[in-house]
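Here's the letter readout for the chains.
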Amino acid sequence: MDKEQVPQPQNGIEIPDTQSESNQTADKKTLRPNVSIRLLLSIATVLLIVGVIGLWYWNSDKTPFNIQVTIGSNEASTTETNKNTMVTAEEVHTVVGSSNVESKPAFIQVNQVDSSNYEKGEVDIYFSLFADAEFTNPIDSPSLIQDMFKVNGLPVSYVSQVNNIDTVSVDLVMDKSGSMMDPPNGSMNRSKMELVRNAAIEFLENVPDQAKGTFGLLTFSSFAPEIADIAFNSNRKQIVSYLSTLESDNGRTALYDSLTKALYDTNVQVGPKYIIAFTDGIDSQDSDYGSSSQSVIELSKQLGIPIYTIGFGDTSTELQWIAEETGGSYFSIHEEENLQLELQNIYENVFQKYVKQYKLTYRPDQNVSPGEEFPIALQMESPDYTAQTSTLEFIRKIETTAIQAMNGLFEYQVNYANAVNNLDFSLVSNNVNRDSDFYNNLKIRIEKDYVSSYNQGSPKIIDPLENYRTESIEQQADGSYKIEFFKLFPLELNQEKVFEADLNTYTVKEDPYSGKWQVSAFGRSECSIYKNESDPGSSCKNVNGTTKLYSQNPWTRN
């Protein structure tokens, strides 16, 4: 046959293909060496794993119940063992590397929020990280990176430890009034002035030489000074030398005015900042003419500057209220024997916290006007810790010129009271615009009208404020500001002590030569007379001609 014949089955029986069977036999012979190699490799792998486990077991404590967690997993950073992060076997998720340990809960304490650059799309959050809800066990983790954080669910643009980038600014506010000459209690021989002086010196000397810090000093009694005793600088020895000779001048206590002055001074500092006030907190002879405890709190929130208060003697609810409301803390020192312990506690909880805190920058997505509140919810997820704050509310900082205008009005209020009570217009003349009608009218009022009243036995006396707050501030087309503010103060009317609540509007403009913000116009739109807090108020028509009653609640905290 010309074509190859394919064998056919015979009697239904399939004829085996002997050539194909031969090929299959050859393939099996070829596979045998590969199977042997794979078997050997498997055995070697098992032996290697067993050896590694054995080596780990030999070098360990031979128990998984003592595993130390080191904070941070960034190889480029220096890791430190945290002695307070020991976990049990029940807390261990897996056993390979730090990322195999379940994230532990941490707690974020927001110390300060700087919204100066809100319009540019930047808000800085200064915060500390703690291992406990009481904020007593700080976590030092230099390996934190921006990818671990979110603010309001949005990514952040920058995270770093403060001591690597910023200088902490601390303004020390020292009470030298007459009440400071007394001892804090009957069992102590040293005066509160001596204790306060030594406390401030001790605080400064506890600060390490290498610490990045600038310090200012403002001392006060009857009036807040126009210029601080020592401007912000890093020379702590200069401040210590000045404090070592500081004595009481037996004056009254202008605590709130002095805190207001300190807030404006501290505001111009760049980076994290705060105020520490050393005082006995006694305000029975207060002399605050431009502020109140409530206005101090509101300004502190507006500027984003915490206030820490240190009271010597009995606990002061007012000092405690100011500290808590502004994001600071209140410390009360009663006994001489615990002075050093308290001072160390203050140093660790205040300065050390600010040096070791973190700075985070994020881009806000809310359209918020200056002076309005904006929310912040901070979330952190690192290989070792997870933390999240509740939604916190902060006030967007107003423009720099508006703050300067408010400061100018504050200075006017303080100096005006001083000028009236001393019948000396020169004490306030630099706070009034010379080209305005208001300047001449005020000059005549003080030098003629009030002097005449004094000679007739009815002197015009301005008493310290009970309450004060800025209601609104609006810039005008010419660059000046109209500031509407409220103040409540005591006065004697028909031989009876009453309270007057005024809603006033001042126009404040910048002097082109001195750069000082001065008052150029004044108006009163609302006024009420109160006998006490339960009194609904009566008209001021017979007092100053104002007919419209004050429309809000004038009393502090209400």
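The structure under discussion appears in the preceding block.
Residues numbered from 1 in each chain as written. Predicted model: local features only at pLDDT ≥ 70, side-chain atom pairs only at ≥ 80, totals over all residues. Heavy atoms only, no water.

Student: Just give me the short version of the sheet that holds strand 22 (residues 517–530), but keep the residues and values in it.
Tutor: Strand order in the open sheet made by the five strands is 19-20-21-22-23, with antiparallel pairing throughout. At either margin of the open sheet sits one strand with a lone partner, and together these are strand 19 (467–475) and strand 23 (538–539). Across two bridges, the pairing between strand 22 and strand 23 is antiparallel. Along strand 23, the bridge assignment pairs Ser528 with Ser539. Of the strands in this sheet, strand 19, strand 20 (481–493), strand 21 (496–510) and strand 22 touch helix 9 (residues 400–422), which is tilted by about 25° from strand 20. (Pairing = 2+ DSSP bridges. Helix = DSSP H or I, 4+ residues; strand = E, 2+ residues; numbered from the N terminus. Contact = heavy atoms within 4.5 Å. Axes fitted to C-alpha atoms, helices over the stretch in contact; angles between N-to-C directions.)

Student: A description of helix 4 (residues 255–267) should follow, citing residues and the corresponding values.
Tutor: The end-to-end C-alpha distance of helix 4 is 18 Å, a good match for the 18 Å that 13 residues give at a rise of 1.5 Å each. Counting buried positions over the 13 residues of helix 4 gives 13, a clear majority of the element. (Expected span 1.5 Å × (residues − 1). Buried < 20%, exposed > 50% of the residue type's maximum accessible area, 1.4 Å probe, protein only.)

Student: So, the environment of Ala254: which residues are in play, and what are the values?
Tutor: As for its placement among the helices and strands, Ala254 is situated in the loop between helix 3 (236–243) and helix 4. Relative accessible area serves as the criterion here: at 0%, Ala254 is assigned to the buried category. Spatially, the C-alpha atoms of Ala254 and Ser222 are 5.3 Å apart, while their sequence positions differ by 32 residues. Setting aside residues no more than four positions away along its own chain, Ala254 makes contact with Phe220, Ser221, Ser222, Phe223, Ala224, Ser287 and Asp288.

Student: Give a detailed account of the packing of helix 4 against helix 9, specifying residues and quantitative values.
Tutor: Taken N-terminus to C-terminus, the directions of helix 4 and helix 9 make an angle of 150°; their axes are 11 Å apart at the nearest point. Taken together, the axis directions place helix 4 and helix 9 in an arrangement best described as roughly antiparallel. With respect to the hand of their crossing, helix 4 and helix 9 are arranged in left-handed fashion. In contact with Asp257, Thr260, Lys261, Tyr264 and Asn267 of helix 4, helix 9 contributes Ile403, Met406, Asn407, Phe410 and Val414. Within the contact of helix 4 with helix 9, the residues separate by chemical class into five nonpolar, three polar and two charged. (Parallel < 35°, antiparallel > 145°, perpendicular 65-115°, else oblique. Left-handed = near helix turned anticlockwise from the far one by under 90°. Nonpolar A, V, L, I, M, F, W, Y, C, P; charged D, E, K, R; others polar.)

Student: Kindly report on the packing of helix 5 (residues 293–303) against helix 6 (residues 317–326), identifying the contributing residues and their values.
Tutor: For the pair helix 5 and helix 6, the least separation of the axes is 9 Å and the interaxial angle reads 20°. As the angle between them shows, helix 5 and helix 6 are arranged roughly parallel. Relative to helix 6, helix 5 is oriented so that their crossing is right-handed. Contacts from Ser293, Gln294, Val296, Ile297, Ser300 and Lys301 in helix 5 reach Glu318, Trp321, Ile322, Glu325 and Thr326 in helix 6.

Student: How would you explain the pairing of strand 11 (residues 273–279) if you had to name every residue and give the values?
Tutor: Within strand 11, seven of the seven residues are buried, which leaves the element mostly enclosed by the surrounding structure. Taken together, the six bridges between strand 8 (residues 168–175) and strand 11 define a ladder with parallel strand orientation. Bridge pairing in strand 11 places Ser169 opposite Lys273. Where strand 11 and strand 12 (residues 307–312) come together, five bridges link them in parallel fashion.

Student: Would you mind going over helix 10 (residues 437–455) in detail, with residue names and values included?
Tutor: Taking 1.5 Å of rise per residue, the 19 residues of helix 10 would be expected to cover 27 Å, and the 26 Å separating its terminal C-alpha atoms lies within 8% of that figure. Its axis deflected by about 35° at Arg445, helix 10 carries its strongest bend there. Where helix 10 is concerned, the buried positions are Phe438, Tyr439, Leu442, Ile446 and Tyr450. Buried residues belonging to helix 10 abut helix 9 and strand 22. One or two positions beyond helix 10, positive phi appears at Gly457, with a value near 85°. (Bend = angle between axes of the 7 residues up to and from the residue.)

Student: A description of the state of the cysteines should follow, citing residues and the corresponding values.
Tutor: Two cysteines whose sulfur atoms are joined by a covalent bond form what is called a disulfide. Tallied over the entire structure, the rule returns one disulfide. Across the disulfide, Cys527 is cross-linked to Cys540 (sulfur-sulfur distance 2.0 Å). The sign of the S-S torsion, about -75°, decides the handedness of the disulfide formed by Cys527 and Cys540: left-handed. Of this pair, Cys527 sits in strand 22 while Cys540 sits in the loop between strand 23 and helix 11 (541–544); the two residues are 13 residues apart in sequence, bridging distant segments of the chain. For the pair formed by Cys527 and Cys540, the shared burial category is buried. (Disulfide = S-S within 2.5 Å.)

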